[in-house]
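As a plain string of letters, each chain reads:
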Amino acid sequence: MLHFLYCIYQILVFIPLLILSTIVTAVTVGIGTAVGDASYWGYYPGKWWAQFILRVLFIPVKVEGRENLVKGQSYVFVSNHQGAFDIFLIFGHLCRNFKWMMKHQLKKIPFVGYACQKSNQIFVDKRGPSKIKQTYDKARDILKHGISVVVFPEGARSFTGHMGTFRRGAFMLADELQLPVVPLTINGSFKVMPRTKDWHFVHWHPLSLTIHEPIPPTGQGAENVKNAMDKSYAAIMSALEPEYQGFVENPDQ
């Protein structure tokens, strides 16, 4: 009965508020980045939007480990990717000014794509060497100016809630710039809206974000990349709920 009422609430209240808040946020980002401080307007409206969405859905959030981060330090954040609500959780509750590294196809999402372009999010475009170079050039420039980046190194959302394999790109970027990598563990997002049920009703479930201790560079080169990748994978896995422990390959990896 409660789930039925929650679905009715989504139809009558949440969906209209989602559409309205997304439009308002996109317009705010567009105007703010054009006339004001781009680093401010490229981050805070998105953060407020993400927090608003979770509050409207009455989804509680628990965050652990913010004390592990140093003010003013750039980081390469790497996270497991359980579902669509990972975006709202990290954007709303990481509490660090950062840019997303995201698939270039997301530019096509109405209003969201516009806001992402205006706020200088990093679109990962693998359609040729020149496109890949542009992606990493932009990421380097952002990280050199004190802003962090967030990457889902699996490259896609999980079909099962378990983690798949990691790609090396984020760790190579951290290695090149000699920046610490910070693993993030997300729990609950797969139960809120799994990939297999996109565009279905949201299921109420608490979300949690664990911010692990930064992994500093141990040198530079292939060994440092492997060290950061292996330690990140182990840290993220260690904080996953027991039912999602262990490797399960994603079909699209």
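The structure under discussion appears in the preceding block.
Conventions adopted
- Residues numbered from 1 in each chain as written.
- Predicted model: local features only at pLDDT ≥ 70, side-chain atom pairs only at ≥ 80, totals over all residues.
- Heavy atoms only, no water.
- Helix = DSSP H or I, 4+ residues; strand = E, 2+ residues; numbered from the N terminus.
- Buried < 20%, exposed > 50% of the residue type's maximum accessible area, 1.4 Å probe, protein only.
- Contact = heavy atoms within 4.5 Å.
- Areas by Shrake-Rupley, 256 points an atom, 1.4 Å probe, with all protein chains shown as cover.
- Lys, Arg positive; Asp, Glu negative; His and termini not counted.
- Charge placed at Lys NZ, Arg CZ, Asp CG, Glu CD.
- Pairing = 2+ DSSP bridges.
- Axes fitted to C-alpha atoms, helices over the stretch in contact; angles between N-to-C directions.
- Salt bridge = Lys/Arg side-chain N within 4 Å of Asp/Glu carboxyl O.
- Parallel < 35°, antiparallel > 145°, perpendicular 65-115°, else oblique.
- Nonpolar A, V, L, I, M, F, W, Y, C, P; charged D, E, K, R; others polar.
- Core = buried A, V, L, I, M, F, W, Y, C linked by side-chain atoms within 4.5 Å.
- Polar contact = N/O pair within 3.5 Å; in protein donor to acceptor, adjacent residues only side chain to side chain.

A. Representation of the overall build of the protein within the structure. The number of helices and strands found in the protein is nine helices and seven strands. Counting only C-alpha atoms and orienting by the principal axes, one finds that the protein spans roughly 55 × 50 × 40 Å. For the protein, buried positions account for 48% of its 253 residues. Relative to all contacts within the protein whose residues are 6 or more apart in sequence, the contacts with residues 24 or more apart total 74%. Total accessible area computed for the protein in this model is approximately 12400 Å², and 63% of it derives from carbon and sulfur atoms. Charged side chains of the protein number 26 positive and 18 negative; the gap between the two group centres comes to 7 Å.

B. Spotlight on the sheet that holds strand β5 (residues 148-151). Taking strand neighbours across the sheet as the criterion, the seven strands line up as β1-β7-β6-β2-β5-β3-β4 in an open arrangement whose pairing is mixed. Only two strands of the sheet have a single partner each, and these edge strands are β1 (61-64) and β4 (122-124). The mean angle between the axes of side-by-side strands here comes to 20°, regardless of whether they run parallel or antiparallel. In terms of strand pairing, strand β3 (residues 98-103) meets β4 through three bridges, oriented parallel. Looking at β4, one finds that M101 is bridged to I122.

C. Representation of the pattern of salt bridges in the model. The tally for this structure, following the rule as stated, stands at three salt bridges. The closest approach of N and O atoms between K191 and E243, which form a salt bridge, is 2.7 Å. Highlighted residues: K191 in helix α8 (residues 189-192) and E243 in the segment after α9 (222-238), separated in sequence by 52 residues. The class for E243 is partly exposed, based on a relative accessible area of 46%. Between D230 and K226 there is a salt bridge, with the nearest N and O atoms lying 2.6 Å from each other. Note that D230 and K226 are positioned in helix α9 at a spacing of four residues, about one turn of the helix. Take K226: its relative accessible area is 49%, and that puts it in the partly exposed class.

D. The arrangement of the environment of L17 in detail. Secondary-structure assignment places L17 in helix α1 (residues 2-35). L17 gets classed as partly exposed once you look at its relative accessible area, which sits at 29%. The spacing of L17 and A234 is 217 residues in sequence and 39 Å in space, taken between C-alpha atoms. Setting aside anything within four residues of it in sequence, one finds L17 in contact with F52 and V56.

E. Quick look at the packing of α1 against helix α3 (residues 44-56). Put simply, α1 and α3 touch, their axes get as near as 10 Å, and they point 175° apart. When the interaxial angle is binned, α1 and α3 end up roughly antiparallel. On α3, the residues touching Y9, F14, L17, L18, S21, T22, T25, T28 and V29 of α1 are P45, G46, W49, F52, I53 and V56. Among the residues forming the contact of α1 with α3, the class breakdown is ten nonpolar, five polar and no charged.

F. Broad picture of helix α7 (residues 169-177). Buried residues of α7: A170, F171, L173, A174 and D175, and no others. At the C-terminal side of α7, Q178 shows a positive phi close to 55°.

G. Region of the structure containing the nonpolar core. In terms of nonpolar packing, the biggest core is built from 35 residues, with I59, F85, I90 and L94 touching the most fellow members. Sorting the residues of this core by element identifies α1, α3, α4 (86-93), β3, β6 (181-187) and β7 (207-211) as the ones contributing at least two each. Of the residues forming this core, the biggest block, five residues, is contributed by α3. Ranked by size, the runner-up nonpolar core spans 24 residues in total, among them I122, L143, F171 and V181.

H. Examining the environment of Q220 more closely. Residue position: Q220 is located in the loop between β7 and α9. Taking the C-alpha atoms as reference points, Q220 and Y75, 145 residues apart in sequence, are found 16 Å from one another. With near-sequence residues (within four places) excluded, Q220 lies in contact with D175, E176 and Q178. At 3.1 Å, the side chain of Q220 forms a polar contact with the backbone oxygen of D175. A polar contact is formed between the side chain of Q220 and the backbone oxygen of E176, at a distance of 3.2 Å.

Function-wise, these values are silent; they only describe arrangement.
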